[in-house]
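Analysis of the macromolecular model
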Amino acid sequence: MNKVSRLLNCTLAMLVILGLACASPGLADEASDKAAAKKAKAAAKAAAINEYLAKHAGSATVLSSNSATLPTGGTWTPLTNLPPEAISLSLLLSDGTVMCQPPNNNGSPHWYRLTPDATGSYINGTWTMLASMSYGRNFYQSQVLRDGRVFVSGAENGSPDGAGTTAESYDPTTNFWTLLPPITTVDPGANMVDGVAKTLPNGNVLAYPVISSSKETLIFDIVSNTWSLGPTIVGDMDETAWLKLRDRSIMALDLHSDTNSERYIPASNQWIADSPIPASMFSVLGELGGAYLLPNGKVFYMGGIGHTAIYTPTGTTAPGTWVVGPDIPGGHGVQDGGSAMLVNGKILLTAGTTFDFSSPTYFYEYDYVANTFTQVNTPTGQTSDVPSFALDMLNLPDGSVLLSNYTQQLYVYKPAGKPLLAGKPKIRSVSRNLDGSYHVTGTLFNGISEGSNYGDEFQNATNYPIARLKNAAGNVYYARTYNWSSTDVQTGNKSVSTELTLPVGLPNGTYSLSISANGNSSEDGEWFIHH
């Protein structure tokens, strides 16, 4: 690591340690402390990325590719076509295409679309440019809404200034961004910065402003496009990961207490204290990794300091129980970093140092049944030169995972093993609506977990139905889904539904219809659409 990187990381560590050790005398001082810590952390990340890019002399791709299969791992394949720019964040749109944003230390407004080929392969997909946002954003809140739009708010770094108080929505059907009311309409002192957000059961978005007047959360109404004040949190949720449980509540860990947890209860619109965690989870930089609802209904959190924790929920408002999970091997932790639950139930994750933002990064698979980690290949060998925070993962509808790494070369990971039956959607009925769209009902349209996860700043969950059409010749088309009846997880035998519209230009014929959630697909050949 160069001297600049070391200096920035030492400064950052000092700021965070001071913040953890000293209680702010007031909200104004707390906001000032958080702003200073965020600025130092952003500078440290920028220095780490600049060092990585300089090492590779601005190459559009990494230096080598290794698709060797390890005994318990999957295979990596580089995408054939390169996007026009390097890519960081990726979002799965409800029409099966992928929406990707380039990295920029000041926040990029640009977006590109990855469209799979005629066989449904993303490896040979093609790129097109989409409309740009009004603000450039780097590390912020993002949600794919149940009506198919994309919602974004805040920014750790943004341009022009003030991006942290703003929000926008993108409509894929019109390729148009709409600037939404700023959060200052309900809290003049609020700033989202890089806070976390979740889609609620009613489709609205619950969001956490890192800087606020009274430690409140905010709620965005997707129908009226307006903000309102949400319930006050119990602790401090800066740099934490929110997680949906089977009972619809949302789990969170509190930063400054280090071992406290709390939950949001949608029915009462209230945050309540939950059980303490028997291990420290946040790193010295105040960082945490992602979190997952496991197939057995338990919760798995990955710590920035290298510890993990497993939570057993009660299914009610009563506190659950925490136990210590296995440490991430090699003394590594997840201080921001891409991860994804694979269709076989294992979790693919990135991990690295626990004290700064430097490389190398290691890739592991966590097996919840054995409760163990196994190291697997990165796309470029045993380790990756990219810092873990610059690696983002996204569940694809075909059961693979897309990896971006701040370069133009993206990769697809194909896991070993079969998809879990517990996450396999089932179509029960298909009927045509008066406007020519279709109404599809069934079960498990939202998957076992939320799919992809990063922690706080990158939010790209995929727990919604994706509709795939396939004809006798093997050609694959994706229909656009919208108005999902559920955004929950592990819905079991509960009947759920989605509307879908056929893609423009779809040739006449008969198509097999399947629904996937987090890449786990229903059976082909059971339901058909005649067009």
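The structure this text deals with has already been given above.
Remember, it's a predicted structure, so these values are computed and weren't measured experimentally.

1. Things to note about the packing of aromatic side chains
- Tallying each qualifying case throughout the model produces 23 aromatic pairs.
- Judged by centre distance (5.6 Å) and plane angle (80 degrees), the rings of W76 and F363 are edge-to-face. With a gap of 287 residues between them, W76 in strand 1 (residues 75-78) and F363 in strand 26 (residues 362-367) connect regions that are remote in the sequence.
- What makes F363 buried here is its relative accessible area of 0%.
- An angle of 5 degrees between the planes, with centres 4.7 Å apart, marks the rings of Y464 and W484 as stacked.

2. A closer look at the pairing of strand 14 (residues 216-221)
- Counted residue by residue, strand 14 has five buried out of six residues, so it is predominantly covered.
- Here strand 13 (residues 205-207) runs beside strand 14; their pairing, made up of three bridges, is antiparallel. Counterpart to A207 in the pairing with strand 14 is L218.
- Across five bridges, the pairing between strand 14 and strand 15 (residues 226-232) is antiparallel. Looking at strand 15, one finds that L218 is bridged to L229.
- Connecting strand 14 to the antiparallel partner strand 15 that follows it, the hairpin turn spans four residues, and N225 within it adopts a positive phi of roughly 55 degrees.

3. A short note on the nonpolar core
- Core analysis: the biggest nonpolar cluster contains 58 residues, and V98, M99, W111, F389 and L402 have the highest contact counts within it.
- It is helix 2 (residues 27-55) that contributes the most residues to this core, four residues altogether.
- In contact with V98, not counting residues within four places along its chain, are S90, L91, L92, Y112, R113, L114, Y122, L394, L396 and L402.
- Core analysis: the second largest hydrophobic core is formed by 18 residues, L243, M251, I277 and V489 among them.

How each quantity is defined
- Residues numbered from 1 in each chain as written.
- Predicted model: local features only at pLDDT ≥ 70, side-chain atom pairs only at ≥ 80, totals over all residues.
- Heavy atoms only, no water.
- Phe/Tyr/Trp six-rings, centres within 6.5 Å; stacked < 30°, edge-to-face > 60°.
- Helix = DSSP H or I, 4+ residues; strand = E, 2+ residues; numbered from the N terminus.
- Buried < 20%, exposed > 50% of the residue type's maximum accessible area, 1.4 Å probe, protein only.
- Pairing = 2+ DSSP bridges.
- Core = buried A, V, L, I, M, F, W, Y, C linked by side-chain atoms within 4.5 Å.
- Contact = heavy atoms within 4.5 Å.

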